[in-house]
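Below are the chains, spelled out letter by letter.
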Amino acid sequence: MLCVAAGRRKTILETEYRWGVMTNTHRFDPIFKGIVVISTRSAILVRFQRIRKCRQLQQKKLRMEKFRTTRHLLQRSSRSLLDRRLKLNSENSIHSSGTVFTRTCTGYRNWILPACLHPSRDCRGLTEANAMQNRYFGSVAELVQRSPSFSTLDSDDISFFKSILGEKNVVQDEDVLATANTDWMRKYKGSSKLLLQPRSTEEVSEILKYCNSRHLAVAPQGGNTGLVGGSVPVFDEDAREQSDWHLCALVNHSSFVMPLDLGAKGSCQIGGNVSTNAGGLRLVRYGSLHGNVLGLEAVLANGDVLDMLGTLRKDNTGYDLKHLFIGSEGSLGIVTKVSILTPPKLSSVNIAFLACKDYFSCQKLLQEAKRKLGEILSAFEFLDIEAMDLALNHLEGARNPLPASIHNFYVLIETTGSNESYDKEKLEAFLLSSMEGGLISDGVVAQDINQASSFWRIREGVPEALIKAGANYKYDLSLPVEKMYNLVEDMRARLGGLARVVAYGHLGDANLHLNVSAPKYDDKILAQIEPYVYEWTSKHRGSISAEHGLGLMKANKIFYSKSPKTVQLMTSIKNLLDPNGILNPYKVLPHSLNP
């Protein structure tokens with residue numbers, strides 16, 4: 001198999017997130033007993049402690065007056081926080097589609113393979129054992145076999161690709177290929193012998209047309225930050241063709257924001273985001289890419305280019321085919337251009353890091369947040385005590401925002417609006433009522449950009465911490481909110497002392513990231529997890545993939561979430577658009593149904 005790659009340019013997103021470090025200086029104010037002031041190098045944090053219900057009305061009024069005096073501390077941070085999180089490198093520019101709502105990706109500059117996505121993600125020097133174990137997947141030994149319909153790469157093929165792309169964009173360097181062949185989790189590893197770096201839609205079209213005629217398989221790859229083995233090759237035969245590619249960063253205008261915000265920002269790429277229908281941290285506010293992508297351009301397996309690059313929000317003429325490619329993981333076509341709805345950037349941002357005594361309190365807090373914060377709620381994330389412990393012990397510079405005591409659950413809430421005083425007043429009223437109701441045990445509101453970044457660092461850094469901790473069995477599930485943590489507790493009871501069960505995720509949109517952490521991969525542990533986790537999810541009418549996709553890991557597990565007739569229709573669509581099955585084979589659909 002070959003690799004067709006579009007590279008990535010380093011953007012400000014890769015360097016701008018430098019996390020602040022809090023000091024541990026505390027001062028207790030004996031006059032205002034409802035608040036503890038934590039001194040830091042640059043600002044003051046306000047820690048909310050639960051207010052006893054037996055307080056007299058006069059004392060409560062006094063506390064409220066004192067509480068309101070802290071508002072001015074937020075004024076300097078709100079605007080700068082949003083500016084920082086959304087600032088993009090001006091080199092990663094895009095062309096306007098002609099409306100203020102849409103930005104269209106049309107550039108193909110600097111298409112190079114990322115050598116390393118993160119200092120902790122260095123893929124070079126990995127052994128076969130820790131990169132991928134025997135190419136068996138699932139709790140029951142399930143060997144993926146190479147399709148005999150694919151041809152073998154030869155010197156004539158390489159010469160053809162060089163005639164299209166030039167010498168420098170046909171990569172055979174072993175070190176570069178080693179990186180492209182290994183996924184971010186170091187769990188899956190292929191052995192592609194060739195990496196192609198196209199720089200235009202026309203070049204992509206020529207490559208796919210040729211590969212289709214020769215029956216050479218293609219594995220598309222973007223930033224290679226996927227977690228289900230969807231972006232790396234499966235086999236090491238010379239016939240393997242991997243197309244790894246980068247489109248362009250989307251938003252460079254300060255008056256708009258990208259509706260998608262991921263923990264992998266700075267490494268992931270928009271083509272991969274669209275192809276996997278990535279969800280991210282602010283889906284609760286902006287919705288999924290199915291709603292935000294206005295149009296796209298895609299190249300089919302036979303080289304045909306589909307121009308669906310519309311910029312209209314309403315277009316009811318026939319089938320809306322762009323949705324076939326959003327979330328198809330490169331199995332139906334290669335996305336080359338995207339027009340996407342970019343909402344206006346708002347100036348008021350507030351972030352609170354809160355502690356809850358139990359999961360039921362987290363649920364109730366979410367309900368109250370939706371009712372009382374309403375239109376300004378932009379993120380509602382949770383992590384349990386195990387996730388918090390991993391983050392604090394494995395992330396460099398991470399500090400506990402609530403060091404006074406250990407809590408069972410933590411919630412990060414972000415609000416985004418256009419009126420600072422209104423937004424803060426609304427958040428303050430919500431926090432106060434939640435404390436009085438016993439939903440919050442403790443909490444901190446960020447007062448500057450460093451504190452806000454340190455809060456996000458903990459939540460976004462959990463996947464990195466899990467990788468550093470050892471072997472990681474990762475499951476991305478959608479479940480009814482009230483059922484989500486039941487699975488976590490059942491899994492802990494099932495595994496006992498074999499492994500550590502860690503839970504975090506996007507509570508605002510009912511997305512659980514269930515992780516099982518162990519010193520090393522062990523078939524006994526896997527047998528206890530699968531298929532139990534899929535059966536449990538199916539029984540409670542959940543989805544076995546909320547936002548990560550199916551890839552290689554869950555291709556044969558699709559029936560836990562989709563009916564046989566639905567899967568058969570998906571297969572028919574695949575056969576129609578890619579009859580030779582060259583696009584990302586062994587992924588998404590069950591192997592028995594692949595062409």
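For the structure itself, consult the block above.
Reading the values: the criteria
- Residues numbered from 1 in each chain as written.
- Predicted model: local features only at pLDDT ≥ 70, side-chain atom pairs only at ≥ 80, totals over all residues.
- Heavy atoms only, no water.
- Helix = DSSP H or I, 4+ residues; strand = E, 2+ residues; numbered from the N terminus.
- Buried < 20%, exposed > 50% of the residue type's maximum accessible area, 1.4 Å probe, protein only.
- Contact = heavy atoms within 4.5 Å.
- Areas by Shrake-Rupley, 256 points an atom, 1.4 Å probe, with all protein chains shown as cover.
- Pairing = 2+ DSSP bridges.
- Arc of directions from axis to C-beta.
- Phe/Tyr/Trp six-rings, centres within 6.5 Å; stacked < 30°, edge-to-face > 60°.
- Lys NZ or Arg CZ within 6 Å of the ring centre and 35° of its normal.
- Salt bridge = Lys/Arg side-chain N within 4 Å of Asp/Glu carboxyl O.
- Patch = residues over 30% accessible without salt bridge, like charges linked within 9 Å, V, L, I, M, F, W, Y side chains within 5 Å.
- Polar contact = N/O pair within 3.5 Å; in protein donor to acceptor, adjacent residues only side chain to side chain.
- Axes fitted to C-alpha atoms, helices over the stretch in contact; angles between N-to-C directions.
- Parallel < 35°, antiparallel > 145°, perpendicular 65-115°, else oblique.
- Left-handed = near helix turned anticlockwise from the far one by under 90°.
- Nonpolar A, V, L, I, M, F, W, Y, C, P; charged D, E, K, R; others polar.
- Core = buried A, V, L, I, M, F, W, Y, C linked by side-chain atoms within 4.5 Å.

Undergrad: So what exactly am I meant to see when it comes to the overall build of the protein here?
TA: Within the protein one finds 20 helices and 20 strands. Per-residue burial for the protein yields a buried fraction of 58% across its 595 residues. Taking as baseline every contact in the protein between residues at least 6 positions apart, the subset at least 24 positions apart corresponds to 79%. As displayed, the protein has an accessible area near 24,000 Å², and 51% of this comes from carbon and sulfur atoms.

Undergrad: Quick question: what am I supposed to make of the pairing of strand E13 (residues 334-341) here?
TA: Two faces make up the sheet, and in a regular strand the side chains alternate between them. Counting buried residues in E13 gives eight out of eight residues, a clear majority hidden from the surface. In the sheet, strand E11 (residues 293-299) pairs with E13 via six bridges, with the strands oriented antiparallel. Bridge pairing in E13 places Leu-296 opposite Val-338.

Undergrad: Looking at this structure, how should I read helix H19 (residues 532-539)?
TA: Along an α-helix, residues three or four positions apart point the same way, because every turn accommodates 3.6 residues. For H19, the complete set of buried residues consists of Val-533, Tyr-534, Trp-536 and Thr-537. The arc that holds every buried residue of H19, seen down its axis, measures 160 degrees, which confines them to one face. The inward-facing, buried residues of H19 contact strand E18 (471-478), helix H17 (484-495), strand E20 (511-518) and helix H18 (523-529). At the exit of H19 stands Arg-541, carrying a positive phi of roughly 55 degrees.

Undergrad: Looking at this model, I keep getting lost on the packing of aromatic side chains. Mind explaining?
TA: How two aromatic rings sit relative to each other is set out by the distance from centre to centre and by the angle between their planes. Applying the stated criterion to the full structure yields 13 aromatic pairs. When the centroid spacing of 5.7 Å and the interplanar angle of 25 degrees are considered together, the rings of Tyr-534 and Tyr-560 count as stacked. In this pair, Tyr-534 is assigned in helix H19 and Tyr-560 in the loop between H19 and helix H20 (564-577), connecting sequence segments 26 residues apart. Using a relative accessible area of 26% as the deciding quantity, one classes Tyr-560 as partly exposed. Among the aromatic side chains, those forming a connected cluster through ring pairs are Tyr-359, Phe-382, Phe-409 and Tyr-485. A cation sits over an aromatic face here: Arg-494 above Tyr-532, 4.3 Å from the ring centre.

Undergrad: What is the right way to look at the pattern of salt bridges in this model?
TA: As a working rule, side chains carrying opposite charge can pair if their charged atoms are close by. This model, assessed by the stated rule, comprises 17 salt bridges. Among the salt bridges present, the one from Asp-157 reaches Arg-214, with a minimum N-O distance of 2.8 Å. Linking Asp-157 in helix H5 (residues 155-165) with Arg-214 in helix H7 (residues 201-214), this pair joins segments that are 57 residues apart in sequence. Judged by relative accessible area, which is 0%, Asp-157 ranks as buried. Between Lys-574 and Asp-578 there is a salt bridge, and its shortest N-O distance comes to 2.8 Å. The exposure class of Lys-574 is buried, given its relative accessible area of 4%. The structure contains a network of salt bridges with shared partners spanning Asp-154, Asp-157 and Arg-214.

Undergrad: Where do I start with the environment of Ile-449 in this structure?
TA: Relative to the assigned elements, Ile-449 resides in helix H15 (residues 449-460). Linking Ile-449 and Ile-351, residues 98 residues apart in sequence, is a C-alpha distance of 10.0 Å.

Undergrad: Would you mind showing me how to read a nonpolar patch on the surface here?
TA: Taken together, the side chains of Tyr-319, Leu-321 and Leu-324 define a hydrophobic patch exposed on the protein surface, amounting to about 340 Å² of accessible area. Mapped onto the elements of the fold, Tyr-319 is located in the loop between strand E12 (305-308) and helix H11 (322-325). Assessed through its relative accessible area of 77%, Tyr-319 is described here as exposed.

Undergrad: Just checking my understanding: could you explain helix H13 (residues 385-394) for this structure?
TA: Ala-387, Met-388, Leu-390 and Ala-391 are the residues of H13 that are buried. Along the axis of H13, the buried positions cluster into a sector of 160 degrees, meaning they face one direction only. With a side-chain oxygen lying 3.2 Å from the backbone nitrogen of Glu-386, the N-terminal cap of H13 falls on Asp-384.

Undergrad: Which parts of the structure should I look at to understand the environment of Thr-342?
TA: The residue Thr-342 is located in the loop between E13 and strand E14 (348-356) in this model. When the C-alpha atoms of Thr-342 and Leu-260 are compared, they prove to be 9.4 Å apart, with 82 residues separating the residues in sequence.

Undergrad: Help me out: how do you make sense of the packing of H17 against H19 in this one?
TA: Following both chains from N to C, one finds H17 and H19 inclined at 150 degrees, their axes separated by 11 Å at the closest point. Our classification of the angle between H17 and H19 gives roughly antiparallel. Crossing of H17 over H19 shows right-handed handedness. Facing Asn-486, Leu-487, Asp-490, Met-491 and Arg-494 of H17, the residues of H19 in contact are Tyr-532, Val-533, Trp-536 and Thr-537. Across the contact of H17 with H19, the residue classes break down as five nonpolar, two polar and two charged.

Undergrad: How do you make sense of the side chain of Gln-221 when you look at a structure like this?
TA: For Gln-221, the position within the fold is in the loop between strand E9 (217-218) and strand E10 (240-243). Among the polar contacts made by the side chain of Gln-221, one reaches the main-chain carbonyl oxygen of Ala-180 at a distance of 2.8 Å. A polar side-chain atom of Gln-221 sits 2.6 Å from the main-chain carbonyl oxygen of Ser-231.

Undergrad: Please explain the packing of H13 against helix H16 (residues 462-469) as it appears in this structure.
TA: Pairs of packed helices are described in terms of their axes, by the angle between the two and the distance that separates them. Relative orientation of the contacting elements H13 and H16 amounts to 75 degrees, with a least axis distance of 9 Å. By the angle class used here, H13 and H16 are roughly perpendicular. Within the contact between the two elements, H13 uses Ala-387, Leu-390, Ala-391 and His-394 and H16 uses Val-462, Ala-465, Leu-466, Lys-468 and Ala-469. Broken down by class, the residue content of the contact of H13 with H16 amounts to seven nonpolar, one polar and one charged.

Undergrad: What am I meant to see in the pairing of strand E15 (residues 377-384) here?
TA: Taken across its eight residues, E15 has eight buried, putting it largely inside the fold. Inspection of the sheet shows E15 paired to strand E16 (residues 409-417) by seven bridges, in the antiparallel sense. Paired with Phe-380 across the strands is Ile-413, a residue of E16. The sheet contact formed by E15 and strand E19 (residues 500-506) spans two bridges and is antiparallel. In the sheet register, Phe-382 faces E19, and the bridge partner there is Gly-505.

Undergrad: Just checking my understanding: could you explain the nonpolar core for this structure?
TA: One recurring pattern in soluble globular proteins: nonpolar side chains tend to sit buried together. Of all hydrophobic cores here, the largest spans 85 residues; its most connected members are Phe-161, Leu-365, Tyr-475 and Leu-514. For this core, the element with the most residues is H17, which contributes six residues. Each residue touching Leu-514, except ones within four places of it in the same chain, is listed here: Tyr-473, Lys-474, Tyr-475, Leu-477, Leu-487, Val-488, Met-491, Val-501, Val-502 and Val-533. The next biggest cluster of nonpolar side chains, apart from the first, holds 27 residues, and it includes Phe-353, Ala-355, Leu-466 and Val-502.

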